[in-house]
Amino acid sequence: MPKSSPLLRHSSALAAIHKSSAPLRRQVLDELRQSIIAGRLNPGERLVERELIAMMGVSRTVIREALRQLESEGLVAIVPNKGPIVRTLTVEEARDIYAIRAVLEGLAARLFTEQAGEAQIARLDRALTVVEKAYDSGDAESMLETKNNFYEVLFEGAKSETLASMLAILHGRIWRWRGLGLTHPNRSAERDRQSLKNLRALVQAIRAKDAALAESILREEVSKAAAEVHRLLKDAATHSRAEKPAVS
């Protein structure tokens, strides 16, 4: 009997798509993207079209369109003679993405402080409260979802279409790195506390209309997040080398 692929053995990674008001392609794209970001689909794992079709109950055309979009976002790679796979995270990519992220998200914090009204500030404050509850629950996926929502509120309140489009290009990659930091079993509890402290300080700076401080706080938060991701990747690389058998 032929062996089943990792994708089928872990079929809970993906859900069947049900009819809703959202376009089918977007539903498939969102489900695949979220499964990669949350780590339900592992780096290096093959994404076999026929298996995706069977698991999600959609057409080959829809699957191919979603995979092409994920390739453009840097979440999927097309390997010759192998097909699409989940891209492996690298230290070099992390360094680049976090450097860019610090600049863009710091600017978003500055613009939000300068542009947002009381209603948007209150919305950001509510989003932070939801993040804090998620952290208290210890549920990694809830933490990831609520934190992403917090940043979406921040970006929207910055009121810059140019900045929004630049962040959209990095959207999937940024979320995936954030997912690694929040869902990794060896993540630091101290880092969790530090992140919440920084986000509270960010909202306080915004309320005080201190745009420079808000930008500085968010840049520092991204810097600390980068250091944690680098630590996790380094630990994973060390563990991988230790598991390799010695060559005689």
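Residues numbered from 1 in each chain as written. Predicted model: local features only at pLDDT ≥ 70, side-chain atom pairs only at ≥ 80, totals over all residues. Heavy atoms only, no water.

Draft legend 1. Representation of the overall build of the protein within the structure. When its secondary structure is counted, the protein shows 10 helices and 2 strands. Counting from the amino terminus, the protein carries its helices and strands in the arrangement α-α-α-α-β-β-α-α-α-α-α-α. Here the protein, with 248 residues, has 45% of them falling under the buried criterion. Restricting the contact set of the protein to residue pairs at least 6 apart, pairs at least 24 apart contribute 76%. Accessible surface, the protein as shown: approximately 13,200 Å² in total, 53% of it carbon and sulfur. (Helix = DSSP H or I, 4+ residues; strand = E, 2+ residues; numbered from the N terminus. Buried < 20%, exposed > 50% of the residue type's maximum accessible area, 1.4 Å probe, protein only. Contact = heavy atoms within 4.5 Å. Areas by Shrake-Rupley, 256 points an atom, 1.4 Å probe, with all protein chains shown as cover.)

Draft legend 2. Focus on the packing of helix 3 (residues 49-56) against helix 4 (residues 60-72). Their axes nearest at 9 Å, the elements helix 3 and helix 4 cross at an angle of 115°. The angle between the axes of helix 3 and helix 4 places the two elements in the roughly perpendicular class. Note that helix 3 runs across helix 4; the crossing there is right-handed. Each of E49, L52, I53 and M56 in helix 3 lies in contact with helix 4, whose residues at this interface are R60, I63, R64 and L67. Of the residues belonging to the contact of helix 3 with helix 4, the class tally is 5 nonpolar, no polar and 3 charged. (Axes fitted to C-alpha atoms, helices over the stretch in contact; angles between N-to-C directions. Parallel < 35°, antiparallel > 145°, perpendicular 65-115°, else oblique. Left-handed = near helix turned anticlockwise from the far one by under 90°. Nonpolar A, V, L, I, M, F, W, Y, C, P; charged D, E, K, R; others polar.)

Draft legend 3. Looking closely at the environment of K209. Along the polypeptide, K209 turns up in the loop between helix 9 (189-207) and helix 10 (211-243). Given the relative accessible area of 45%, K209 is considered partly exposed. Considering only alpha carbons, one finds K209 and T113, 96 residues apart in sequence, at a separation of 5.7 Å. Apart from the residues lying within four places of it in its own chain, the contact partners of K209 are T113, A116 and I121.

Draft legend 4. Quick peek at helix 3. Counted residue by residue, helix 3 has 6 buried out of 8 residues, so it is predominantly covered. Residues E49, E51, L52, I53, M55 and M56 constitute the buried set of helix 3. Looking one or two residues past helix 3, G57 carries a phi angle of roughly 70°, positive in sign.

Draft legend 5. Local environment of the confidence of the model for the protein. In the predicted model, the protein carries a mean pLDDT of 86, and the fraction of residues at 70 or more is 86%. Confidence, read as mean pLDDT per element, is least for helix 1 (residues 6-9) in the protein (52) and greatest for helix 6 (residues 118-137) (97). (pLDDT = per-residue confidence, 0-100.)

Draft legend 6. Broad picture of the side chain of R191. The topology assignment puts R191 in helix 9. Side chain to side chain, R191 and Q194 meet in a polar contact 2.9 Å long. (Polar contact = N/O pair within 3.5 Å; in protein donor to acceptor, adjacent residues only side chain to side chain.)

Draft legend 7. The arrangement of the nonpolar core in detail. Ranked by size, the top nonpolar core spans 49 residues in total, and within it Y98, L124, F150, W177, L202 and I206 carry the most contacts. Looking at this core, the elements that each hand over two or more residues are helix 5 (91-115), helix 6, helix 7 (140-158), helix 8 (161-183), helix 9 and helix 10. When residues no more than four places from it in sequence are discounted, the contact partners of Y98 are W177, R178, V222, A225, A226 and V229. If you look at the next biggest cluster of nonpolar residues, it comprises 19 residues, including L32, M55, L67 and V76. (Core = buried A, V, L, I, M, F, W, Y, C linked by side-chain atoms within 4.5 Å.)

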